[in-house]
Amino acid sequence: ALSGPVIAGSLLLLAFRHIPLGVATTLSHTTAIMLIPVGYFVFGERITPRAVAGTVVAVAGIAILFT
């Protein structure tokens, strides 16, 4: 339970050191995009247009804030 967040945090800090902050932050907030297919294929959930729109708006907002 501790190794996942520790590794993720360490890799995020490493990314902050080596690439521009806006790019690293935007890429780190793409978890929602990656979880939509997991929900569909693994859990059999329906993907609604509202979920896709919310994900796009969230990632676009992060991109706008940090670029």
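Residues numbered from 1 in each chain as written. Predicted model: local features only at pLDDT ≥ 70, side-chain atom pairs only at ≥ 80, totals over all residues. Heavy atoms only, no water.

## Some details on the confidence of the model for the protein
- Chain-level pLDDT for the protein is 87 on average; 99% of the residues reach the 70-or-more range.
- Averaged pLDDT values for the elements of the protein fall to 84 in helix α2 (residues 21-28) and rise to 92 in helix α1 (residues 3-18). (pLDDT = per-residue confidence, 0-100. Helix = DSSP H or I, 4+ residues; strand = E, 2+ residues; numbered from the N terminus.)

## Observations concerning the side chain of T25
- Summarising the element assignment, T25 is placed in helix α2.
- Within the structure, T25 has its side chain in polar contact with the backbone oxygen of L21 (distance 2.8 Å).
- Among residues more than four places away in sequence, those in contact with T25 are F16, I62 and F66. (Polar contact = N/O pair within 3.5 Å; in protein donor to acceptor, adjacent residues only side chain to side chain. Contact = heavy atoms within 4.5 Å.)

## Regarding helix α4 (residues 49-66)
- With 18 residues, α4 ought to run about 26 Å at 1.5 Å a step, and its terminal C-alpha atoms sit 26 Å apart, in line with that.
- If you check which residues of α4 are buried, you get T55, V59 and I62. Buried residues of α4, seen end-on, are gathered within an arc of 55° and therefore sit on one face of the element. Summarising the geometry of α4, the exposed residues directed more than 90 degrees from the buried face are P49, R50, V56, V57, I64 and L65.
- Buried residues belonging to α4 abut α2 and α3 (31-41). (Expected span 1.5 Å × (residues − 1). Buried < 20%, exposed > 50% of the residue type's maximum accessible area, 1.4 Å probe, protein only. Arc of directions from axis to C-beta.)

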